[in-house]
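Reading the structure
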Amino acid sequence: MDFTVLEVGKPFPGGKGHSENVIFEMDDSGAALLVFFNSPTEDEISQFKQGSSFEIKFVALGNIIMITTKVGNLEWMDSPYNPHLSPGLTRFTIPMDKEGLALNLILVDTKTGLVKSLRIIGLSNDFSRKILGEMMDQKAKVFNHESYLKEVNQIFAKYQTRDIVKMSVAWCKLY
């Protein structure tokens, strides 16, 4: 997906009527965290703005990379991910020292379909290297979409978001 054409106050493709959830996505230009809220409040929108804290963690559970994020004072959110689901991810470029992945944090109002907030976050070198390493490991495995969905459902049946946060193996926190 081309995130360069998004603007606050403009429609997000497929945003209107989208289910409330969080989607982590990767392509060769970096990462995106798409957060879909139904009629976000002004306080919720303000948590996504520059200057609010942001934390991201991950853990691999089987063939699923569980990404958890905390935006400002909002509750932790989770997003299952596997690089096989990202057709725009064709190469893995490990960042040099003092470099990290760029993450586009995008808040979409599912009632109106409008982008409510856009923020670009630079992830730490350590976190970027660890998550890219895990993605390369996952990409080397055989992938079956039906098995992936079954495994995601098993994870959500077994763990709450707070449990997944505690199991995380890497994190990045910005204040």
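Residues numbered from 1 in each chain as written. Predicted model: local features only at pLDDT ≥ 70, side-chain atom pairs only at ≥ 80, totals over all residues. Heavy atoms only, no water.

**Examining the overall build of the chain**
- The helix and strand inventory of the chain stands at four helices and eight strands.
- Each helix (α) and strand (β) of the chain, taken in turn from the N terminus, gives the series β-β-α-β-β-β-β-β-α-α-α-β.
- For the chain, whose C-alpha radius of gyration is 16 Å, the value lies close to the compact-globule estimate of 16 Å for 175 residues.
- Judged by the C-alpha coordinates and their principal axes, the chain covers about 40 × 40 × 30 Å.
- Here the chain, with 175 residues, has 44% of them falling under the buried criterion.
- Surface exposure of the chain reaches about 9200 Å², of which carbon and sulfur atoms provide 52%.
- In the chain, 19 positive and 21 negative side-chain charges are present, and the distance between their average locations comes to 3 Å. (Helix = DSSP H or I, 4+ residues; strand = E, 2+ residues; numbered from the N terminus. Rg over C-alpha atoms; globule rule 2.2 N^0.38 Å. Buried < 20%, exposed > 50% of the residue type's maximum accessible area, 1.4 Å probe, protein only. Areas by Shrake-Rupley, 256 points an atom, 1.4 Å probe, with all protein chains shown as cover. Lys, Arg positive; Asp, Glu negative; His and termini not counted. Charge placed at Lys NZ, Arg CZ, Asp CG, Glu CD.)

**Details of helix α2 (residues 125–139)**
- With 15 residues, α2 ought to run about 21 Å at 1.5 Å a step, and its terminal C-alpha atoms sit 21 Å apart, in line with that.
- Along α2, the residues that are buried comprise Asn125, Phe127, Ser128, Ile131, Leu132, Glu134, Met135 and Gln138.
- Turning to α2, the residues buried within the fold contact β1 (21–27), β3 (54–61), β4 (64–71), β5 (77–81) and β8 (170–174). (Expected span 1.5 Å × (residues − 1). Contact = heavy atoms within 4.5 Å.)

**Regarding the sheet that holds strand β2 (residues 30–37)**
- An order of β1-β2-β6-β7 is seen for the four strands of this open sheet, with the pairing classed as mixed. Of all strands in the sheet, those with a lone pairing partner are β1 and β7 (115–122), marking the two edges. Across the sheet, the mean angle separating the axes of adjacent strands is 15° when strand polarity is ignored.
- Two elements, strand β6 (residues 102–109) and β7, share seven bridges in a ladder whose sense is antiparallel. Residue Leu105 lies in a different strand from β7, and its bridge partner there is Arg119. (Pairing = 2+ DSSP bridges. Axes fitted to C-alpha atoms, helices over the stretch in contact; angles between N-to-C directions.)

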